[in-house]
There are 2 protein chains.
Amino acid sequence: MNSTQKKIIEAAEIEFADHGFGGASIREITRRADVNIAAINYHFGSKEDLFKEMVRYRIDPINEERLALLDQAEESNKAKPVPLEEIVDIIVRPLLNKLISEDQAGVHFLRAMGKGMGEEQSFMKDLFEDCMQEVLRRFIQALSFSLGKPSFAKVVYGMHFLACAMLGAMLQHTRLEYMGQGKIDTGNVEELVDQLVAFISGGLKAMVNMPSKTDTR
Amino acid sequence: MNSTQKKIIEAAEIEFADHGFGGASIREITRRADVNIAAINYHFGSKEDLFKEMVRYRIDPINEERLALLDQAEESNKAKPVPLEEIVDIIVRPLLNKLISEDQAGVHFLRAMGKGMGEEQSFMKDLFEDCMQEVLRRFIQALSFSLGKPSFAKVVYGMHFLACAMLGAMLQHTRLEYMGQGKIDTGNVEELVDQLVAFISGGLKAMVNMPSKTDTR
DNA sequence: CAAAAATTCAAACAATCGTTTGATTTAAAC
DNA sequence: GTTTAAATCAAACGATTGTTTGAATTTTTG
């Protein structure tokens, strides 16, 4: 990955974050990256391939880190389940840590990815399935074990809410500023993640402990 | 609101849901609504005004319902705080109930609105501030009271996570199908809301009970 | 029924979209 | 230093974007 491609990726993160995949403009990306209009098609093939490359470039290392941390946690807990907070932390922290970086590129990436996940582009579903398949499988299993193997439906709802809360935090991080009336330090990602992990873990436990009318295992 | 305007609004919900505000096409909306291309500018003024109208048309009654329910709950609890689950339920249920409707229009509206909230269009921030200001104020106050008046930061984080989880559920409702491998009845909104309310309430309590390093009230 | 207002229509507006082309410049290989 | 290959460039491609226009049509009013 040469400097031109890097410049394009960084500009793409900002544009995709601001306007989504469909709304972002190739011309605006190249203008921001200070490269020629044809550079994107030359280096990446198409706008679609650029988006895919942008996602994989950032998300693959994060998922590797997640799996390694889960391996490590499962090993140190022997045959016992990994504590819930630990699992949630491993899912959330490596990703949301991208909210801090000297050039703010991570913030843009998270917003761009969050926005992409909501789009109806047909290639998106494939992209995220490719990226997340193994991670999803492993963490659903770990969560189920840690929660005492509740019904399949509960685990799915739980994983869903976990992803929703995390996705929302990615997309709406800037809203903290407005809601907090400037009294919240939005740069304190450590604090944000701590609170979010507590929120999600507590939520999962409460959900599992609640009796469900239509529950079958 | 005549039949042409109604047809346009319904078509707009689908298009905005699928492609976001920036990605949606006026031509596609009018084609789907089976009206002339000029109808949108004639009846609404602009694409932007159409989006605003679409949001207010659906969200204003929901917010009125929320405030009425909160009034009622506060009255029946005298000077005591309203139970947390009840408050969360009032925020979540009137909105997510839109996930069910014979013509699925509600699903599209929720996705369209969720997607819009993430966009950087300058008019969006104003629109949502106008819509949500009073509701936010009232429910932040009720939540704070019900949670035992924790620090301002905790309440803000809590309200933020609540909104994030709800937003995610709106945006990603169809993902339940995929994650649940077809074994989850995605049409069972009652069940979804029950689980979500339990998740959010449990999350909020856990968050408030967790000691915070940088906590000041 | 006639006059007036409201609505619908096809056509065109300038602007922008993603992509391609072919020439030109820069870098690498021998 | 000459030859290949890689990269950058301005220009143009056809298609689509949101919006406007002015005539034709429908609906309402007196």
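So, how was this worked out
- The residue numbering used here restarts from 1 in each chain and proceeds along that chain's sequence as written.
- Lettering for chains starts from A, numbering for ligands starts from 1, and both go in the order in which the items are written.
- Where local features are concerned, this predicted model is filtered to residues with pLDDT of at least 70; where side-chain atom pairs are given and counted, the filter is 80 or more; whole-chain, interface and lining totals use all residues.
- Neither water nor hydrogens contribute to the side-chain values; these are computed over all heavy atoms in the structure.
- Helix and strand labels come from DSSP, where a helix needs a run of H or I of at least four residues and a strand needs a run of E of at least two; each type is numbered from the N terminus.
- For a compact globule the rule gives 2.2 Å times the number of residues to the power 0.38, and the radius of gyration it is set against comes from C-alpha atoms.
- Only protein chains enter the accessibility calculation, which uses a 1.4 Å probe; a residue whose area is less than 20% of its type maximum is buried, one above 50% is exposed, and one in between is partly exposed.
- Multiplying one less than the number of residues by 1.5 Å gives the expected span of a helix.
- Should any heavy atoms of two residues lie within 4.5 Å, those residues are considered in contact.
- Note: buried area is the sum, over both parts, of the accessible area (probe 1.4 Å) each one loses when the two are combined.
- Salt bridge, as used here, is a side-chain nitrogen of Lys or Arg placed within 4 Å of a carboxyl oxygen of Asp or Glu.
- The term polar contact refers here to a pair of N or O atoms within 3.5 Å; inside protein, the definition further demands a hydrogen-donor-capable atom paired with an acceptor-capable atom, and it admits residues adjacent in sequence only when both atoms are side-chain atoms.
- Definition of nearness: a residue and a molecule or strand are near each other if at least one heavy atom of the residue lies within 4 Å of the molecule or strand.
- Note that Gly is not counted as nonpolar here; it falls among the polar residues with everything else outside the nonpolar set of Ala, Val, Leu, Ile, Met, Phe, Trp, Tyr, Cys and Pro and the charged set of Asp, Glu, Lys and Arg.
- Each copy is superposed on the other by least squares, with the fit set by C-alpha atoms of residues at a pLDDT of at least 70 in both.
- Throughout, the protein atoms alone are placed on a 1 Å grid, and a set of points is a cavity if a 1.4 Å probe fits but cannot get out or a pocket if it is open with protein on both sides within 12 Å along at least five of seven lines; lining residues have an atom within 4 Å of a point.
- Grid points are joined across faces, edges and corners, and a volume is the space filled by probe spheres set on the points.

Chemist: Outline the overall build of chain A, supporting the account with residue identities and numerical values.
Modeler: Summing up its helical and strand segments, chain A has ten helices and zero strands in all. Ordered by position from the N terminus, the helices and strands of chain A form the series α-α-α-α-α-α-α-α-α-α. A compact globule built from 217 residues should have a C-alpha radius of gyration of about 17 Å, and chain A, at 19 Å, falls within 12% of that. Evaluated residue by residue, chain A yields a buried proportion of 54% over its 217 residues.

Chemist: Give me helix α8 (residues 152-171) of chain B: which residues, what numbers.
Modeler: Between its first and last C-alpha, α8 of chain B extends 28 Å over 20 residues, near the 28 Å set by a 1.5 Å rise per residue. Judged by how many residues are buried, α8 of chain B sits mostly within the fold: 18 of 20 residues are covered.

Chemist: Could you give me a rundown of the interface of chain A and chain B, with the residues and numbers involved?
Modeler: Listed per partner, the contact involves 53 residues of chain A and 53 residues of chain B. Interface area for chain A against chain B, summed over the two sides, is near 5,000 Å², with a carbon-plus-sulfur share of 69%. When the buried surface of chain A facing chain B is broken down by residue, Tyr 157, Met 179 and Phe 199 of chain A rank first, second and third, together holding 15% of it. Inspection of the chain A/chain B interface yields zero salt bridges. Along the contact surface separating chain A from chain B lie two residue pairs in polar contact (both at pLDDT 80 or more).

Chemist: Describe the protein's contact with DNA strand C, listing the residues and the values that go with them.
Modeler: In the vicinity of DNA strand C there are 15 residues, among which Ala 24, Ile 26 and Arg 27 of chain A together with Thr 4 and His 43 of chain B approach most closely. Counting only atoms of DNA strand C within 4 Å of the protein, the sugar-phosphate share comes to 45%. Within the backbone of Ile 26 of chain A, a nitrogen or oxygen atom sits 2.8 Å from a phosphate oxygen of DNA strand C. Within the backbone of Asn 36 of chain B, a nitrogen or oxygen atom sits 3.4 Å from a phosphate oxygen of DNA strand C. Listed by contribution, the elements that provide at least two residues to the surface near DNA strand C are α2 (26-33) of chain A together with α3 (39-43) of chain B. Considering only residue class, the surface near DNA strand C consists of six nonpolar, six polar and three charged.

Chemist: Can you break down the environment of Leu 96 of chain A residue by residue, with the values?
Modeler: Residues and elements named next belong to chain A. Structurally, the position occupied by Leu 96 is in helix α5 (residues 84-96). Classification of Leu 96 as buried rests on a relative accessible area of 0%. With 50 residues separating them in the primary sequence, Leu 96 and Ser 46 have C-alpha atoms 28 Å apart. When neighbours within four sequence positions are excluded, Leu 96 is seen to be in contact with Leu 110, Ala 169, Met 170, Val 189, Leu 192, Val 193 and Leu 196.

Chemist: Give a description of the relation of the copies chain A and chain B that names residues and reports values.
Modeler: When chain A is fitted to chain B, the residual RMSD is 0.1 Å, and the transformation amounts to a turn of 180° plus an axial shift of 0.0 Å. As the rotation angle and translation indicate, the two copies are arranged about a two-fold axis. In this assembly, 100% of the residues forming the interface of chain A have copies in chain B that are likewise at the interface, indicating an isologous arrangement.

Chemist: Describe in detail the layout of surface pockets, supporting the description with residues and values.
Modeler: Counted as a void, the largest pocket has a volume near 780 Å³. Met 117 and Phe 128 of chain A together with Gln 172, Arg 175 and Tyr 178 of chain B are, among the 33 residues lining the largest pocket, the residues nearest its centre. If one sorts the elements of the lining of the largest pocket by residue count, helix α7 (residues 122-146) of chain A sits on top with nine residues. Considering the residues around the second largest pocket, the lining is formed by 18 residues, among which Thr 174 and Arg 175 of chain A together with Met 117, Glu 120 and Lys 125 of chain B are closest to the centre. Elements represented by at least two residues in the lining of the second largest pocket include exactly α9 (175-179) of chain A together with α6 (105-117) and α7 (122-146) of chain B. Of all the elements, α7 of chain B adds the most residues to the lining of the second largest pocket, at five residues.

Chemist: Just give me the short version of the protein's contact with DNA strand D, but keep the residues and values in it.
Modeler: Taken together, 15 residues form the shell around DNA strand D, and within it Thr 4 and His 43 of chain A together with Ala 24, Ile 26 and Arg 27 of chain B come nearest. Sugar plus phosphate, as a fraction of atoms of DNA strand D within 4 Å of the protein: 47%. Take Ala 24 of chain B: an N or O atom from its main chain is 2.8 Å from a phosphate oxygen of DNA strand D. Contact between DNA strand D and Ser 25 of chain B: a phosphate oxygen at 3.2 Å from a side-chain N or O atom of the residue. Of all elements in the fold, only α3 (39-43) of chain A together with α2 (26-33) of chain B reach the threshold of two or more residues within the surface near DNA strand D. Tallied by class, residues from the surface near DNA strand D come to six nonpolar, six polar and three charged.

Chemist: Lay out empty space enclosed by the protein with the relevant residues and their values.
Modeler: In this approach the atoms are scanned with a rolling probe the size of a water molecule, which exposes any empty space left behind. Applying the stated criterion across every chain yields a total of three cavities of 30 Å³ or more. Residue lining of the largest cavity: 23 residues in total, with Met 117, Met 132, Leu 136, Ala 163 and Met 166 of chain B positioned closest to the centre. The element best represented in the lining of the largest cavity is α8 of chain B, accounting for eight residues. Partitioned by chemical class, the residues of the lining of the largest cavity number 18 nonpolar, two polar and three charged. Estimated volume of the second largest cavity: approximately 60 Å³. Forming the walls of the second largest cavity are 13 residues, and the residues nearest its centre are His 19, Gly 20 and Glu 119 of chain A together with His 19 and Glu 119 of chain B. Of all the elements in the fold, those that place two or more residues in the lining of the second largest cavity are α1 (3-23) of chain A together with α1 (3-23) of chain B. A total of five residues in the lining of the second largest cavity trace back to one element, the largest contributor, which is α1 of chain B. Class assignment for the residues of the lining of the second largest cavity results in one nonpolar, eight polar and four charged.

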